[in-house]
Amino acid sequence: MTDPRSLTVREAARQIAERRLTAEALTAVYLDRIAARETMVGAWEYLDREQALATARRRDAEPSRGPLHGIPIAVKDLIDTVDMPTAYGSPIYRGHRPAADASCVALAKAAGAVVLGKTVTTEFAAFTPGKTANPRNPSHTPGGSSSGSAAAVADGMAPLAFGTQTAGSVIRPAAYCGCIGYKPSFGLINRAGVKPLADSLDTIGVLASTVEDAAFFVGVLSERPKLRHLAMPSQTPRFGLYRTPMWDEAEPATAAALDAAREALERAGAAVAELAIAPEHHELAEMQNAIMRFEAVRAFAYERILHSAQLSPRFAQMLDAGMAIGAEEYDRALARAAAARARLDGFFGSCDAVLVPAAPGEAPVGLGNTGDPIFNRMWTLLGVPCVTLPACWSGNGLPTGVQLVGRISDDAHLMIAAAFLERALADAR
């Protein structure tokens, strides 16, 4: 028999609807994978096998709820779930039971999804890591803050997972672990019920095995038919190649991954134009960091004032740095971001998507650090949709990803371009 985990999400849902596959059988296959691998990977903060199987059996006994009927998903432990604890990666909230599901979880359940459990997040989606190791090579970091979600999807423990991104918390772990990471346009997925870090930056994203699966998941949640049903374009997408003002931070693995992606695109018949560095993009990474720290101080007023002893030193230092940022500096950073955002149409020009680095290189050695979001910060600040795909694999088993960015609120065109790149990379292997 074909391993049901090899099915696309859409095909698995179709087989469940046609009674050729049961939700229980599909859920059990993923739970078995978790049982076999979790001690090495450590992707899960909370898991209840019987609860997940019971939910799957209910899906098999009821009429179809929607396009995700019977599909197992993982939920980052930054996102509220009414029937599972949500600790936000912090001892302050150990055992916390939210009163309601987050909007994105409620919508996924309403569409028929089966929640397997909660995946590890770094502390409050910042930089203090949890227990998760990179499934490709467990001596290396999986990235963060959506570390458990990326590791679970990359290791075949779940077909879909929720993540969040404030700096680089979807794109970077997906690039490090070797799966698809998709950060939609800012606000495309409602954030109600997600613990805030920085209100003007926080974005819900998803991790998946294929571009189509990621687009399908977000399309269902956001009611965007063009994402649910990606159509290959009648004309070949046009790509830009942008090394960004942070190019000095790129390691040889990232330079090689960009070259491999460009060559694959050109072999597939796509034009790839190298873009000059835009003056308005200088210092945007620093602006993002200042905004994030300033807003985090306000978002964590309760924890900072009443539970400071339970904050990690790294998180406390971030808040201390935020306390030193004045409102005028914060407002200037917001204004710089708005000015750069207003010039995005000119930056993209005729390009459907722009190819950029996803991370400085492959996943660093060790589990004490989640890596540097330097190649993610400016895109999160600008609010553009981003997606990462693995482009190269090294002898130690680790991938190096590349990132595509698109126009704000034009996620469908970005994901169509990403599907084109995904196919071109596959053909080049």
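Residues numbered from 1 in each chain as written. Predicted model: local features only at pLDDT ≥ 70, side-chain atom pairs only at ≥ 80, totals over all residues. Heavy atoms only, no water.

Running from amino to carboxyl end, helix α10 (residues 284-299) crosses helix α12 (residues 313-323) at an angle of 105°, the nearest separation of the two axes being 8 Å. One element, α10, and the other, α12, form an angle in the roughly perpendicular class. Contact residues: α10 offers Met-292, Arg-293, Phe-294, Ala-296, Val-297 and Arg-298, while α12 offers Met-318, Leu-319, Ala-321, Gly-322 and Met-323. Taken together, the residues that form the contact of α10 with α12 break down as 8 nonpolar, 1 polar and 2 charged. (Axes fitted to C-alpha atoms, helices over the stretch in contact; angles between N-to-C directions. Helix = DSSP H or I, 4+ residues; strand = E, 2+ residues; numbered from the N terminus. Parallel < 35°, antiparallel > 145°, perpendicular 65-115°, else oblique. Contact = heavy atoms within 4.5 Å. Nonpolar A, V, L, I, M, F, W, Y, C, P; charged D, E, K, R; others polar.)

A separate point is the sheet that holds strand β3 (residues 114-119). Pairing within the open sheet is mixed, and its 11 strands lie in the order β1-β3-β2-β4-β6-β5-β10-β11-β9-β7-β8. Each having just a single partner strand, β1 (44-47) and β8 (272-274) make up the two edges of the open sheet. If you compare each strand with its neighbour and ignore which way they point, the axes differ by 30° on average. Looking at chain direction, strand β2 (residues 72-76) and strand β4 (residues 160-165) are connected through 2 bridges and run parallel. Paired with Ile-73 across the two strands is Leu-160, which belongs to β4. (Pairing = 2+ DSSP bridges.)

Judged by side-chain polarity, Tyr-302, Ile-305 and Leu-306 come together as a nonpolar surface patch covering roughly 340 Å² of accessible area. Looking at the secondary structure, you find Ile-305 in helix α11 (residues 301-306). Residue classification places Ile-305 among the exposed positions, given a relative accessible area of 58%. (Patch = residues over 30% accessible without salt bridge, like charges linked within 9 Å, V, L, I, M, F, W, Y side chains within 5 Å. Areas by Shrake-Rupley, 256 points an atom, 1.4 Å probe, with all protein chains shown as cover. Salt bridge = Lys/Arg side-chain N within 4 Å of Asp/Glu carboxyl O. Buried < 20%, exposed > 50% of the residue type's maximum accessible area, 1.4 Å probe, protein only.)

Another aspect to go through is empty space enclosed by the protein. Leftover empty space is mapped by rolling, across the atoms, a probe with the size of a water molecule. Following the criterion strictly, the structure yields 3 cavities of 30 Å³ or more and no others. In this structure, the largest cavity encloses a volume near 60 Å³. Contributing to the lining of the largest cavity are 13 residues, with Ala-125, Ala-126, Phe-127, Ala-167 and Ser-169 lying nearest its centre. Taken together, the residues of the lining of the largest cavity sort by class into 7 nonpolar, 5 polar and 1 charged. (1 Å grid on protein atoms, 1.4 Å probe; cavity = no way out; pocket = protein on both sides within 12 Å on 5 of 7 lines; lining within 4 Å. Points joined across faces, edges and corners; volume = space filled by probe spheres on them.)

Before going further, it helps to examine the layout of surface pockets. A volume near 270 Å³ is recorded for the largest pocket. Lining the largest pocket are 16 residues, with Lys-226, Ser-409, Asp-410, Asp-411 and Ala-412 sitting closest to its centre. By residue number, the principal contributor to the lining of the largest pocket is helix α16 (residues 411-428), which donates 4 residues. Across the lining of the largest pocket, the residue classes break down as 7 nonpolar, 5 polar and 4 charged. The computed volume of the second largest pocket comes to approximately 220 Å³.

What follows concerns helix α9 (residues 252-267). Between its terminal C-alpha atoms α9 stretches 22 Å, which fits the 22 Å expected from 16 residues at 1.5 Å a residue. Taken residue by residue, α9 has Thr-254, Ala-257, Leu-258, Ala-260, Ala-261, Ala-264 and Leu-265 as its buried positions. Projection of α9 onto a plane perpendicular to its axis shows the buried side chains occupying an angular sector of 160°, all on one side. In α9, the exposed positions that point more than 90 degrees away from the buried face belong to Pro-252 and Arg-267. The inward-facing, buried residues of α9 abut β7 (239-241), β8, β9 (353-357), β10 (386-393), β11 (399-405) and α16. Looking one or two residues past α9, Gly-269 carries a phi angle of roughly 95°, positive in sign. (Expected span 1.5 Å × (residues − 1). Arc of directions from axis to C-beta.)

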